[in-house]
Amino acid sequence: NGGAVKVEGSSASANFTNCTFTDNQADGFGGAVCVTNGAFSPRTTLTHCTLAGNLAKNGGGFAILNGRAEILGSLITGNTVSYDVYAASEASIIGDYNVLGTANQNLGTTNLYGYPAAEVLYTNSAGNISLESVAGVNVLRLSGSSPARDILTQSYGVNTDQTGTSRPMLSG
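Numbering of residues starts from 1 in each chain and follows the order in which that chain's sequence is written. Only residues with pLDDT of at least 70 get local features here, since the model is predicted, and only at 80 or more are side-chain atom pairs given and counted; chain-wide, interface and lining totals rely on the full set of residues. Heavy atoms throughout the structure, all of them, feed into the side-chain values; hydrogens and water do not.

### Some words on the side chain of Thr-77
Of note, Thr-77 is situated in the loop between strand E9 (75-76) and strand E10 (80-81). Among the polar contacts made by the side chain of Thr-77, one reaches the main-chain carbonyl oxygen of Tyr-115 at a distance of 2.5 Å. Look past the residues within four positions of Thr-77 in its chain and what remains in contact with it is Leu-51, Ala-52, Gly-53, Asp-84, Leu-100, Gly-101, Tyr-115, Pro-116, Ala-117 and Val-120. Elements are defined by DSSP. Helices are runs of H or I of four residues or more, strands are runs of E of two residues or more, and each kind is numbered from the N terminus. Here a polar contact is recorded for every N or O atom pair within 3.5 Å, except that within protein the pair must consist of a potential hydrogen donor and a potential acceptor, and residues adjacent in sequence are included only if both atoms are side-chain atoms. Any pair of residues with heavy atoms lying within 4.5 Å of one another is described as a contacting pair.

### Some remarks on the pattern of salt bridges
Salt-bridge detection follows one rule: a side-chain nitrogen of Lys or Arg within 4 Å of a carboxyl oxygen of Asp or Glu. For the structure on display, the rule yields three salt bridges. The residue Arg-43 makes a salt bridge to Glu-70 at a minimum N-O spacing of 3.1 Å. Here Glu-70 lies in strand E8 (residues 62-72) and Arg-43 lies in the loop between strand E4 (33-36) and strand E5 (44-47), a separation of 27 residues in the sequence. For Arg-43, a relative accessible area of 30% corresponds to the partly exposed category. The rule is simple: take the accessible area with a 1.4 Å probe, protein chains only, and divide by the maximum for that residue type; under 20% is buried, over 50% is exposed, in between is partly exposed. The exposure class of Glu-70 is buried, given its relative accessible area of 15%. The salt bridge involving Arg-141 is made with Glu-132; its shortest N-O contact spans 3.0 Å. Relative accessible area serves as the criterion here: at 35%, Arg-141 is assigned to the partly exposed category.

Right, dumping it as structure tokens:
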């Protein structure tokens, strides 16, 4: 579980900000990140993160088996085998202003669901997502018509993206 990161332990938590997780793999849950801390406080938070191109049996991008998680202004799509975001019945997960491929639970009404990676992220001539160096930082770039453009109405205290560029905000 947790191809890149596993948050485990009764008082364990993690806060990820402006991160990209891609090309990670787990045999069970959470191709990129798996949370199994057994407690509802503290919580694990993803803010302005991109999880794409990861692989796991459940929660190709993100999985929470128990505990509490919050996902804010993030892109989680194009992960395989099932669900980009997976939350077990013993877990609590909420989200705001995310663009998601698939999820087995509703994270909230401000999220956009059902967007495949090719509609959200730039793909190369072979139709695959790939890291690109922007200002010396490897990122997964948004496609020109991505629904993630201008979705945010608040910064969650993070005013720049991974490259240090100011985040545009919609009023509302």
